[in-house]
Amino acid sequence: MIVLDGKKVAAEKRAKLREFLTSCKAKGVRMPKLAIVIVGHNPASETYVANKMKACAEVGIEVEKIAFEADITERQLLTEIRKLNRDKSVDGFIVQLPLPEHISEAKVLTTIDYRKDVDGLTPMSIGRSVQGLPAIPSATPSGIRTLLEYYQIPTAGKHVVVIGRSNIVGKPMALMLMQRPYLSLPSVSAAALGDATVTVCHSKTQDLAAICRTADIIIVAAGCPGLLTAEMVKPGATVIDVGINRVEDPASPRGYKLVGDVDFEHVSQVAGAISPVPGGVGPMTIASLLSNVVAVYDMNVPGYKVSE
Ligand code: GUN
């Protein structure tokens, strides 16, 4: 059984980006800039944003955090997003999700200029991907694709079961795996996995276990600790755990621990390869975000190409 070490693969990816940006700096070219919009004080979001900022600093991406209180109106937030769309000093930006209930996520994502959508979550980015047009890939699915590529786990002709139908993970992941391989953006990835037969399962799916047992690869993004158990996994299958759930843990100084959607202890005895939580998909998502920022920057500052 192989543990898919997202921490290691992400570190290698960051090192490549850092090397590229160091060479840009030596040539006197301006550095890329990412803005991160966060609304309110969701503790998990604050941790994710802090991790993203740290990773940016490490590779040489300038990063600005733009924080608003939870009572900002939708109209005010959309105005701020339009400002970022116009701001020439910003190569790309993200709006950390989830948002407070009074703000429409759909409206926010629709307002972000897709050319700056380094999360790859706007309707334009997703729609362009659907049609095989150059588009910024969604960060989490792109990170998972890189992890599969790294460990040379092929997807062509394989049955992939995706559990979860979110706009952030399930839907773009299914799309990425089912389509003909293509290059999302010239500098994002030299290779691309696809050509899989994909089944998307969700909370209303009947006999999830039977469907999962037919899968060569299972990608779980349901936000449900322990959802995938050993009995649901075909021996030798690859299991990717996208869940990041906080569960109470009196033994931890923080009072909680992070667990995925997979019963790691038992599934790891059946699976051929499995990604852990933490240290699996999480760091890969951040590495993909950085890669997307650099890809956009690379187009904004022509003549300096990322070599992968
Ligand atoms: N919330 C959880 N994951 C993500 C992500 O990848 N991007 C954004 N913007 N918000 C998130």
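One can find the structure itself at the top, above this paragraph.
What counts and what doesn't
- Residues numbered from 1 in each chain as written.
- Predicted model: local features only at pLDDT ≥ 70, side-chain atom pairs only at ≥ 80, totals over all residues.
- Heavy atoms only, no water.
- Helix = DSSP H or I, 4+ residues; strand = E, 2+ residues; numbered from the N terminus.
- Expected span 1.5 Å × (residues − 1).
- Buried < 20%, exposed > 50% of the residue type's maximum accessible area, 1.4 Å probe, protein only.
- Arc of directions from axis to C-beta.
- Contact = heavy atoms within 4.5 Å.
- Polar contact = N/O pair within 3.5 Å; in protein donor to acceptor, adjacent residues only side chain to side chain.
- Patch = residues over 30% accessible without salt bridge, like charges linked within 9 Å, V, L, I, M, F, W, Y side chains within 5 Å.
- Areas by Shrake-Rupley, 256 points an atom, 1.4 Å probe, with all protein chains shown as cover.
- Salt bridge = Lys/Arg side-chain N within 4 Å of Asp/Glu carboxyl O.
- Phe/Tyr/Trp six-rings, centres within 6.5 Å; stacked < 30°, edge-to-face > 60°.

## With respect to helix H1 (residues 6-26)
Here is step 1 of the chain: In this model H1 runs 30 Å from its N-terminal to its C-terminal C-alpha over 21 residues, within 8% of the 30 Å that 1.5 Å per residue would give.
Here is step 2 of the chain: Buried within H1 we find Gly6, Val9, Ala10, Lys13, Arg14, Leu17, Phe20, Leu21 and Cys24. Taken down its axis, H1 places every buried residue within 135 degrees of arc, on the same side. Opposite its buried face, H1 presents the exposed residues Lys7, Glu19 and Ala26, each directed more than 90 degrees away.
Here is step 3 of the chain: Contact partners of the buried residues in H1: helix H2 (43-59), helix H6 (139-150) and helix H10 (281-300).
Here is step 4 of the chain: N-cap assignment for H1: the residue whose side-chain oxygen lies 3.2 Å from the backbone N of Lys7 is Asp5.

## Some words on a nonpolar patch on the surface
Here is step 1 of the chain: On the surface, Met1, Val3 and Phe264 cluster together into a nonpolar patch covering about 260 Å² of accessible area.
Here is step 2 of the chain: For Val3, a relative accessible area of 38% corresponds to the partly exposed category.

## Overview of the packing of aromatic side chains
Here is step 1 of the chain: According to the stated counting rule, one finds 1 aromatic pair in the structure shown.
Here is step 2 of the chain: Consider the rings of Tyr150 and Tyr151, whose centres lie 5.1 Å apart with planes at 65 degrees: the pair is edge-to-face.
Here is step 3 of the chain: Among the residues examined, Tyr150 registers a relative accessible area of 33% and is labelled partly exposed.
Here is step 4 of the chain: Overall, the relative accessible area of 18% leaves Tyr151 in the buried class.

## Focus: H2
Here is step 1 of the chain: Taking 1.5 Å per residue as the helical rise, H2 with its 17 residues ought to reach 24 Å, and the 25 Å between its terminal C-alpha atoms agrees with that figure.
Here is step 2 of the chain: Taken as a whole, H2 has its buried residues at Ser45, Val49, Lys52, Ala55, Cys56 and Val59. Down the axis of H2, the buried set is contained in an arc of 125 degrees. They therefore lie on one face. Summarising the geometry of H2, the exposed residues directed more than 90 degrees from the buried face are Lys54 and Ala57.
Here is step 3 of the chain: Residues of H2 that are buried make contact with H1, strand E2 (33-39), strand E3 (62-68), strand E4 (92-95) and H10.
Here is step 4 of the chain: N-capping of H2 is provided by Asn42, with a side-chain oxygen placed 2.9 Å from the backbone N of Ala44.
Here is step 5 of the chain: Positive phi appears at Gly60, one or two residues downstream of H2, with a value of about 100 degrees.

Interpretation note: all reported values are geometric properties and have no functional meaning in isolation.
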